[in-house]
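Report on the structure
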Amino acid sequence: MYLYRAGFGFWLLYIVMGARFMQQLSVYRTDCAVFSFFLMVMALSASMYYDYHHHPAEFEQKKKWLIAMYLVLAGLIYVFIFRKEPLDLSQLLPKF
């Protein structure tokens with residue numbers, strides 16, 4: 001429960017960091033977003049561990065979402081942390 005709250009708090013901080021008065025901290029905005037997503041994935045993982053032992057039907061329902069979230073988290077960590085050169089969105093978007 002507290003991991004969800006912390007993740008939501010960092011998500012709200014991410015939104016606030018986009019404001020003009022927080023311009024000095026805007027360099028940490030992406031880090032805050034990735035950390036927020038990480039906390040929420042860890043909270044879901046902890047919840048799934050509990051459901052595995054106490055509520056097997058709910059566990060089966062959440063299992064697919066957890067795998068998808070881990071893949072998205074791995075992609076975010078690669079793009080924003082491990083990639084050496086900055087991400088160029090013009091390469092990803094189709095040209096018209």
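See the structure shown above.
First, a word on what this report is: a plain description of the structure on this page.

About the criteria used
- Residues numbered from 1 in each chain as written.
- Predicted model: local features only at pLDDT ≥ 70, side-chain atom pairs only at ≥ 80, totals over all residues.
- Heavy atoms only, no water.
- Helix = DSSP H or I, 4+ residues; strand = E, 2+ residues; numbered from the N terminus.
- Buried < 20%, exposed > 50% of the residue type's maximum accessible area, 1.4 Å probe, protein only.
- Polar contact = N/O pair within 3.5 Å; in protein donor to acceptor, adjacent residues only side chain to side chain.
- Contact = heavy atoms within 4.5 Å.
- Patch = residues over 30% accessible without salt bridge, like charges linked within 9 Å, V, L, I, M, F, W, Y side chains within 5 Å.
- Areas by Shrake-Rupley, 256 points an atom, 1.4 Å probe, with all protein chains shown as cover.
- Salt bridge = Lys/Arg side-chain N within 4 Å of Asp/Glu carboxyl O.
- Phe/Tyr/Trp six-rings, centres within 6.5 Å; stacked < 30°, edge-to-face > 60°.

1. Overview of the side chain of Ser 45
As for its position among the elements, Ser 45 is in helix H2 (residues 29-54). According to the relative accessible area criterion, Ser 45 is buried, its value standing at 17%. A polar contact of 2.6 Å, which involves the side chain of Ser 45, links it to the side chain of Tyr 70. Excluding residues that lie within four positions of it along the chain, Ser 45 makes contacts with Leu 66 and Tyr 70.

2. Points about a nonpolar patch on the surface
A grouping of Phe 8, Trp 11, Leu 12 and Ile 15 is seen on the molecular surface, where their side chains present a nonpolar patch of about 370 Å² in accessible area. Within the fold, Phe 8 resides in helix H1 (residues 2-16).

3. A few points about the environment of Leu 12
In this fold, Leu 12 is placed in helix H1. With 24 residues separating them in the primary sequence, Leu 12 and Ser 36 have C-alpha atoms 9.1 Å apart.

4. Considering the packing of aromatic side chains
Per the stated rule, a full pass over the model turns up two aromatic pairs. With a centroid separation of 6.3 Å and an interplanar angle of 25 degrees, the aromatic rings of Phe 35 and Phe 38 are classed as stacked. Pair noted here: Phe 35 and Phe 38 are both in helix H2, with a separation of three residues, about one helical turn. For Phe 38, a relative accessible area of 33% corresponds to the partly exposed category. Between Tyr 52 and Phe 59 the ring centres are 5.1 Å apart and the planes differ by 70 degrees, which places this aromatic pair in the edge-to-face class. Since its relative accessible area comes to 15%, Phe 59 is described here as buried.

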